[in-house]
Amino acid sequence: MKTDLLINGNRRTLDADNRTSLLDALRHHLGLTGAKKGCDHGQCGACTVLINGRRINACLTLACMHDGDEITTIEGLGSAEALSPMQRAFVNHDGFQCGYCTPGQICSATAMLEEIEAGWPSHVTADMTAKPSLDEHEIGERMSGNLCRCAAYPNIVDAIRDAAWRDQE
Ligand code: FES
Ligand code: FES
């Protein structure tokens, strides 16, 4: 089945078996290996990408379900020459060790800040009428779908706070 995708601003046509996950389509058919395969079962978040601005585990969705959708991977957030604010913050705060979870962490954190900006509450938001804060509990809850086996969590939280703070400048 042919599927038209807008990936990182480029129109791509995928011609693959209908059972191909979006993650396998990106990595094996379209040459975008930034999103990682950790578990392939929706448990680790290493494969997180953005679809129409919202985060999703690319291993849990079929590519053919996204005809016409706008997909952003870590490659589309920024480049080595022009890092996105979140990418820059991860570098500045050492928000990784091996780096395997990092593309997923950064895609997830980028969308997460937009969710907070839109006022979406999480499971731990105390005051549902106020803009959610960026305390450790909120960030921990909202990033709980992204595991880091190197346990770089404290630095990841610092990086996210830094990026959020720079957003408001
Ligand atoms: S590879 Fe998709 S959640 Fe682990
Ligand atoms: S930096 Fe190694 S798994 Fe997160």
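Here, every reference points to the structure presented above.
Residues numbered from 1 in each chain as written. Chains lettered and ligands numbered in written order. Predicted model: local features only at pLDDT ≥ 70, side-chain atom pairs only at ≥ 80, totals over all residues. Heavy atoms only, no water.

A few words now on the side chain of Ser108. Tracing the backbone through its elements, the reader meets Ser108 in helix H4 (residues 102-117). Ser108 has contacts with Thr48, Arg55, Met143 and Asn146, leaving out every residue within four places of it along the chain. (Helix = DSSP H or I, 4+ residues; strand = E, 2+ residues; numbered from the N terminus. Contact = heavy atoms within 4.5 Å.)

Our focus in this paragraph is helix H1 (residues 22-29). Where H1 is concerned, the buried positions are Leu22, Leu23, Ala25 and Leu26. In this structure, the buried side of H1 is in contact with strand E1 (2-7), strand E2 (10-15), strand E3 (48-51) and strand E5 (70-72). Note on H1: the residue one or two positions beyond its end, Gly31, has a positive phi of about 75 degrees. (Buried < 20%, exposed > 50% of the residue type's maximum accessible area, 1.4 Å probe, protein only.)

Another aspect to go through is unusual backbone geometry. Unusually for a residue other than glycine, Asn8 sits at a positive phi of about 50 degrees. In this fold, Asn8 is placed in the loop between E1 and E2.

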